[in-house]
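Remarks on the overall topology
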Amino acid sequence: MQSFATLLLIFGLLALASASPAKIQKRGVYKVERVPNPKFTGRNGPRALLKTLRKYRMPIPAAVANAAAGQNEMVTKRQNRRKGKGHKNGGAAAAAAKGNGNGNAAGNVTQAATNGTGLVTATPEANDVEYLSPVKIGGQTLNLDFDSGSSDLWVFNTQLSNKATQGHTVYDPTKSNSFALMQGASFEISYGDGSGAAGNVGTDTVDIGGATVTQQAVELATAVSQSFVDDTNNNGLLGLAFSTINTVQPQQQKTFFDNVMSSLAQPLFTADLRAQAAGAYEFGNVDTSKFTGAMTWVPVNTTQGFWQFTSEQFAVNGGQAQTSTAGAQAIADTGTTLLLADPAVAQAYYAQVDGAVDDQQQGGFTFPCNSQLPDLQLDVGGTMATVKGTDINFAQVDAQTCFGGLQATTAGIQVYGDIFFKSNFVAFNGGNNSLGFAQHV
């Protein structure tokens, strides 16, 4: 880490000008498709469970750790690029002469479109492990993973070594006319499976389906973990939780959503995730053609920086409602693959599946792959939402056995990840801090 600290010191000595404010223009609606990464081959039940437990700092049972022990999450650090193999010298350092920052808060909103909305595709990688969406940063398009359970926007970039970026689309700050380095700013974030990224920070124009923020904080990785290196279709993450858990130091930065919110037709974004199919993220609009019935809205508790709500009841296959734990809380997290519920929920659910067991060798609940899984109803802020049984069959362990997409949390918090989203259309309203949901069409 000595070379990393030295690099940051060099950045800190550069003279940078102050940023000028941008004006909010018209309100709009913007949509970005969410698409699958066809090259991703990492579907693994124990690893996905371990990832979520670590992400939320939950206790890790020995069985889970042992089942996922094959993974290796050594961090791949950047190499010195003063001689610039195939990249302009120093990446962010070379671009810093255009600097506009001093480590203070960034993010000035401007809108490029005219109707106050934005839309991008959301494409799942193989087996719906991760969903990717195109984002323009300084005019350069990268596929990013949108994560409502974190609050950092970080990217692969030209400061990383050739080995780390092979096969990736990387952001080159020297090719952006709007990039500026933030003097003395750095970030370091870790995710559930032990993966993570660290580096320095700049600002640039970020465009998601037409929703545009100038001087958005963009975190430039100088060190990334091997799992991100291996996943060549994914070029970084875009956090959509609340800005209070952003990791930039010495001053936290606002998320893209917080910055763009005031320019949207409605102060919200929606996640339309689909099983084995493209979906979308849309900013500023709720597309009523994507769900059936009326949308239910519930308040969220933002004290921990998450889209958090009460969830203390459940039912199996439309049966009688049962209480898991009084006052139980859950988080809506697009960046988590599995659904981690109260142990009482997982136990009661799999008790209705012939042959299902809490398999210590696999680190979680498994069942015969030919099982007809029942639906699951979960309490979301006082109203039941249904997760289809077909969406709970997550990964094949062997020819006869499958790993469940529903697993038991090991801490007080429940995490409703992509297993939940595949059955439900979900809206995140930052204007009144509420969550909306309805059954997918």
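Refer to the structure above for everything that follows.
This section reports on the structure supplied with the text. These numbers were taken from a predicted model, which means no experiment stands behind them. (Residues numbered from 1 in each chain as written. Predicted model: local features only at pLDDT ≥ 70, side-chain atom pairs only at ≥ 80, totals over all residues. Heavy atoms only, no water.)

**Considerations on the sheet that holds strand β16 (residues 313–316)**
Reading across the sheet, the four strands line up as β17-β16-β22-β23 and stay open at both edges, with antiparallel pairing between neighbours. Where the open sheet ends on each side, the last strands, each with one partner, are β17 (322–323) and β23 (383–387). As paired elements, β16 and β17 share two bridges and run antiparallel to each other. The residue of β17 that forms the bridge with Gln 313 is Thr 323. (Pairing = 2+ DSSP bridges. Helix = DSSP H or I, 4+ residues; strand = E, 2+ residues; numbered from the N terminus.)

**What to know about the state of the cysteines**
Should the sulfur atoms of two cysteines be covalently bonded, the bond is a disulfide. The tally for this structure, following the rule as stated, stands at one disulfide. Here Cys 369 pairs with Cys 402 through a disulfide, and the sulfurs are 2.1 Å apart. Here Cys 369 and Cys 402 share a disulfide; its torsion about the S-S bond, 105°, makes the bridge right-handed. Taken together, the residues span a long stretch of sequence, with Cys 369 in the loop between β21 (364–368) and β22 (376–380) and Cys 402 in strand β25 (residues 401–404) at a distance of 33 residues. (Disulfide = S-S within 2.5 Å.)

**Concerning the environment of Leu 339**
Within the secondary structure, Leu 339 sits in strand β19 (residues 339–341). A relative accessible area of 1% means that Leu 339 is categorised as buried. Put simply, Leu 339 and Thr 52 are 287 residues apart on the chain and 9.1 Å apart in space, counted from C-alpha to C-alpha. Leave out the neighbours within four places in its chain, and Leu 339 touches Leu 378, Val 387, Gly 405, Leu 406, Gln 407, Val 415, Tyr 416, Gly 417, Ile 419 and Phe 420. (Buried < 20%, exposed > 50% of the residue type's maximum accessible area, 1.4 Å probe, protein only. Contact = heavy atoms within 4.5 Å.)

**A short note on the pattern of salt bridges**
Tallying each qualifying case throughout the model produces two salt bridges. Between Asp 287 and Lys 31 there is a salt bridge; the shortest N-O distance is 3.8 Å. Pair noted here: Asp 287 is in the loop between β13 (277–283) and β14 (296–299) and Lys 31 is in strand β1 (residues 29–36), with a separation of 256 residues, a long-range link. You can call Asp 287 buried: its relative accessible area is 18%. (Salt bridge = Lys/Arg side-chain N within 4 Å of Asp/Glu carboxyl O.)

**Observations regarding unusual backbone geometry**
For the bond running from Gln 249 to Pro 250, omega is 10°, close enough to zero to count as cis. Structurally, Pro 250 is set in the loop between β11 (236–239) and α7 (256–260). Non-glycine residue Asn 317 carries a positive phi angle of around 55°. For Asn 317, the location among the structural elements is in the loop between β16 and β17. Judged by its relative accessible area of 52%, Asn 317 is exposed. Located in the positive-phi region is Asn 433, a residue other than glycine, with phi close to 50°.

**Details of the nonpolar core**
One recurring pattern in soluble globular proteins: nonpolar side chains tend to sit buried together. Of all hydrophobic cores here, the largest spans 86 residues; its most connected members are Phe 146, Ile 208, Tyr 281, Phe 283 and Phe 420. No other element matches helix α8 (residues 343–350), which puts five residues into this core. In this structure, Met 182, Ala 221, Val 229 and Leu 237 belong to the second largest nonpolar core, which totals 20 residues. (Core = buried A, V, L, I, M, F, W, Y, C linked by side-chain atoms within 4.5 Å.)

**Side note on the sheet that holds β25**
The strands making up a sheet associate through hydrogen bonds between their backbones, and the pairing can be parallel or antiparallel. Ordered in space as β20-β21-β25-β24, the four strands form an open sheet in which the pairing is antiparallel. The strands lining the two open edges of the sheet, one partner per strand, are β20 (357–359) and β24 (393–396). Taken over all neighbouring pairs, the strand axes of this sheet differ in orientation by 45° on average, direction set aside. For β20 and β21, the ladder comprises three bridges, and the chain directions are antiparallel. Its bridge partner being in β21, Asp 359 is matched across the sheet by Gly 364. (Axes fitted to C-alpha atoms, helices over the stretch in contact; angles between N-to-C directions.)

**Section: the pairing of β13**
With respect to burial, β13 is a largely interior element, five of its seven residues being buried. Where strand β4 (residues 117–124) meets β13, three bridges bridge the pair, whose relative direction is antiparallel. Note on β13: the bridge partner recorded for Leu 119 is Glu 282. Relative to β13, strand β12 (residues 268–274) is paired through five bridges, and the arrangement is antiparallel.

**Some points on the side chain of Gln 329**
Residue placement: Gln 329 occurs in strand β18 (residues 329–332). Here the side chain of Gln 329 touches Gly 327 through a polar contact of 3.4 Å, landing on its backbone oxygen. Excluding its chain neighbours within four sequence positions, the residues that come into contact with Gln 329 are Asn 301, Gln 308, Phe 309, Thr 310, Ser 311, Gly 412, Ile 413 and Gln 414. (Polar contact = N/O pair within 3.5 Å; in protein donor to acceptor, adjacent residues only side chain to side chain.)

**Some words on α8**
Of the residues making up α8, those classed as buried are Val 345, Ala 346, Ala 348, Tyr 349 and Tyr 350. With a side-chain oxygen lying 2.9 Å from the backbone nitrogen of Ala 344, the N-terminal cap of α8 falls on Asp 342.

**Thoughts on the pairing of strand β28 (residues 424–429)**
With six of its six residues buried, β28 lies for the most part within the structure. What you see with β28 is no split at all: Asn 424, Val 426 and Phe 428 on one side and Phe 425, Ala 427 and Asn 429 on the other are buried throughout. By the bridge criterion, four bridges tie β12 to β28 in an arrangement that is antiparallel. Opposite Thr 270, over in β28, you have Ala 427 as the bridge partner. Bridging between β28 and strand β29 (residues 434–439) involves six bridges; their strand directions are antiparallel.

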